[in-house]
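Fold and geometry: a report
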Amino acid sequence: MLNEEPVGVAVLGLGNVGSEVVRIIEDSADDLAARIGAPLVLRGVGVRRVAADRGVPAELLTDNIEELVSRDDVDIVVELMGPVEPARKAILLALEHGKSVVTANKALLSRSTGELADAAERARVDLYFEAAVAGAIPVIRPLTQSLAGDTVRRVAGIVNGTTNYILSEMDSTGTDYASALADARALGYAEADPTADVEGFDAAAKAAILASIAFHTRVTADDVYREGISNITPDDVASARALGCTIKLLSICERITTAEGQQRVSARVYPALVPSSHPLATVNGAFNAVVVEAEAAGRLMFYGQGAGGAPTASAVTGDLVMAARNRVQGSRGPRESKYAQLPIAPIGDIVTRYYVSMDVADKPGVLSTVAAEFAQHEVSIAEVRQEGVADEDGRRVGARVVVVTHRAPEAALSETVAALADLDAVQRVASVLRLEGTGQ
Ligand code: NAP
């Protein structure tokens, strides 16, 4: 039975995602009404440029966002403008006026999650953001609802399609970073200014959101340790292959226990070697995947399209239907859970495995000197490879040593690398990457 009273919706933004959301609201009106129990009615669409050619009736368009989100006939505001302002102001105003809010804005959520969640709590309305992490892939709702009775240990994923495309290209063609980035731009996967993607800011924002939910602790983008992919070389990719691995930009959120038995949250983003047999190694191109490890559930993997207008709109309209159902039933969905308030672990506390590549003098005894430095800092070596380095004419001009370690604290590894760089036998430490997903 349909409720006579419609649910009024305001959509802010009519770009890649907003235009798809408006299309779904209109094309699937009857189905959505049946699922919600009341018709969804689009009250207005907020844009910068109000014009006749925007694909929605002109009377729905407005550039007066404040007026739109305050209207009495609007129940739910869908924010798809990005980035931080004016989205933050618009969402806070909507919440103050008692509207439920759906947003895909990871940049805003990873900075202002507390402020927005507090405002939603004061107004006793929903704040949903499934699309903010990994586009179409359901990962927020599984973490907040399906796993609400379990203890999440780790969430690790590939949550940025641009960098995954670039690294997949480097791996499959042997090309360098600049060429792979140029390809990503030509195909529309990379923006004109790719910094947010390639330097890991976008992945760090998503890590902050995932860590907050998984560990019931407010984590912001500033709490996330971050390294990007712009220093990855074809030599790194080739060495990774020789070791049976591929390089992926990972967002890792982990519950760690200190030597004193205290629980902490680690959230970090960096390019890492992943064994080719690991499920994340097979995620190629612009696809995303998130692996969740929980105490009772074990390992769960979520895979799919992490961006794009229509895939992202799927997650947004899913949230919209949930928020509308709650309105019709006079209820609310799950609110922010932050009771654990675990401290954030510094990167030096992390224990993982490492790949260290260095150019060395091509003479006897160098390997033992290098190995002694690792031993001195109690970093145990699992594997060493030595290769000749040739010039353009194929003449051997030096040697490269690649060391793969067993698990060691990040602090010990940093000290080892600093000491290696000071050795006469080491011309330069070319690259230091982590090795994840080996389970040892
Ligand atoms: P977009 O294509 O750039 O569209 C942004 C829209 O917002 C435009 O219609 C623009 O109006 C409107 N807008 C921007 N500033 C405004 C202002 N000050 N006042 C009124 N309207 C304003 O962006 P998008 O790709 O759809 O992304 C929207 C949000 O979804 C962002 O937060 C993004 O991070 C998130 N998201 C996107 C994807 C994706 O694949 N695109 C995936 C996940 C999450 P005009 O059209 O008039 O300029």
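How each quantity is defined
Residues numbered from 1 in each chain as written. Predicted model: local features only at pLDDT ≥ 70, side-chain atom pairs only at ≥ 80, totals over all residues. Heavy atoms only, no water. UniProt positions renumbered as here; feature names shortened; annotations may be inferred. Helix = DSSP H or I, 4+ residues; strand = E, 2+ residues; numbered from the N terminus. Pairing = 2+ DSSP bridges. Contact = heavy atoms within 4.5 Å. Axes fitted to C-alpha atoms, helices over the stretch in contact; angles between N-to-C directions. Near = heavy atom within 4 Å. Polar contact = N/O pair within 3.5 Å; in protein donor to acceptor, adjacent residues only side chain to side chain. Areas by Shrake-Rupley, 256 points an atom, 1.4 Å probe, with all protein chains shown as cover. Nonpolar A, V, L, I, M, F, W, Y, C, P; charged D, E, K, R; others polar. Parallel < 35°, antiparallel > 145°, perpendicular 65-115°, else oblique. Left-handed = near helix turned anticlockwise from the far one by under 90°. Buried < 20%, exposed > 50% of the residue type's maximum accessible area, 1.4 Å probe, protein only. Arc of directions from axis to C-beta. Core = buried A, V, L, I, M, F, W, Y, C linked by side-chain atoms within 4.5 Å. Phe/Tyr/Trp six-rings, centres within 6.5 Å; stacked < 30°, edge-to-face > 60°.

- Looking at an unreviewed UniProt entry, the protein carries the name Homoserine dehydrogenase, with the source organism given as Mycobacterium talmoniae.
- In its Function (unreviewed entry) section, the UniProt entry covering the protein states "Catalyzes the conversion of L-aspartate-beta-semialdehyde (L-Asa) to L-homoserine (L-Hse), the third step in the biosynthesis of threonine and methionine from aspartate."

**Examining the UniProt feature "binding site: NADP(+)" (unreviewed entry) in the protein**
- Residues annotated in UniProt with the feature "binding site: NADP(+)" (unreviewed entry) correspond here to L12, G13, L14, G15, N16, V17, G18 and S19.
- Among the secondary structure elements, G15 is positioned in the loop between β1 (7-12) and α1 (16-27).
- Turning to its location among the elements, S19 is positioned in helix α1.

**Overview of the sheet that holds strand β3 (residues 61-62)**
- The six strands lie next to each other as β3-β2-β1-β4-β5-β6, forming an open sheet whose pairing is parallel. Strands with a single pairing partner mark the edges of an open sheet, and in this sheet they are β3 and β6 (127-128).
- The sheet contacts of helix α12 (residues 309-329) involve β1, β2 (40-46), β4 (76-79), β5 (100-103) and β6, and relative to β4 the element is tilted by about 165°.

**Describing the site of the ligand**
- Inspection of the region around the ligand gives 21 residues, with L14, V17, R49, R54 and G308 positioned closest.
- With respect to the ligand, the backbone of V17 contributes an N or O atom lying 2.9 Å from an oxygen atom.
- Side-chain polar atom of R54 to an oxygen atom of the ligand: 2.7 Å apart, as the coordinates give it.
- Summarising the interface, the protein chains cover 77% of the accessible area of the ligand, which totals 900 Å² for the free molecule.
- Here the shell around the ligand is built from residues that sort into 10 nonpolar, seven polar and four charged.

**Details of the packing of helix α4 (residues 87-96) against helix α5 (residues 106-123)**
- Running from amino to carboxyl end, α4 crosses α5 at an angle of 15°, the nearest separation of the two axes being 9 Å. Taken together, the axis directions place α4 and α5 in an arrangement best described as roughly parallel. For the crossing formed where α4 meets α5, the hand is right-handed. Within the contact between the two elements, α4 uses A87, R88, I91, L92 and L95 and α5 uses L108, S112, E115, L116, A119, A120 and A123.
- Across the contact of α4 with α5, the residue classes tally to nine nonpolar, one polar and two charged.

**Some remarks on the UniProt feature "active site" (unreviewed entry) in the protein**
- Following the UniProt record, one finds the feature "active site" (unreviewed entry) at K206.
- With respect to the helices and strands, the residue K206 is situated in helix α10 (residues 201-214).
- Leave out the neighbours within four places in its chain, and K206 touches K106, A132, V133, A134 and V159.

**Here we look at the packing of helix α13 (residues 366-376) against helix α14 (residues 410-422)**
- Put simply, α13 and α14 touch, their axes get as near as 9 Å, and they point 145° apart. Between α13 and α14 lies a crossing whose hand is right-handed. Contacts from V370, E373 and F374 of α13 reach α14 at L413, T416, A419 and L420.
- Grouping the amino acids of the contact of α13 with α14 by side-chain chemistry returns five nonpolar, one polar and one charged.

**So, helix α11 (residues 234-242)**
- Within the sequence span of α11, burial applies to D236, V237, S239 and A240. For α11, the angular spread of the buried residues around the axis is 165°, confining them to a single face.
- Phi turns positive, to about 80°, at G244, one or two residues after α11.

**Observations concerning the nonpolar core**
- Residues L143, V155, I166 and L273 are the most contacted members of the largest nonpolar core, which totals 80 residues.
- Among the elements that take part in this core, α10 stands out by supplying nine residues, more than any other.
- Ignoring sequence-local partners within four residues, the contact set of V155 consists of L143, L210, A214, S251, I252, C253, V290, V291 and V292.
- If you look at the next biggest cluster of nonpolar residues, it comprises 33 residues, including L32, L42, L320 and A323.

**Topic: the packing of aromatic side chains**
- Taken as a whole and assessed by the stated rule, the structure comprises two aromatic pairs.
- Centroid distance Y165 to Y189: 4.9 Å. Interplanar angle 50°. Geometry classified as tilted. Of this pair, Y165 sits in helix α7 (residues 161-173) while Y189 sits in the loop between α8 (177-186) and α9 (195-198), and the two are 24 residues apart along the sequence.
- You can call Y189 partly exposed: its relative accessible area is 39%.
- Arranged with centres 5.4 Å apart and planes meeting at 10°, the rings of F287 and Y303 form a pair that is stacked.

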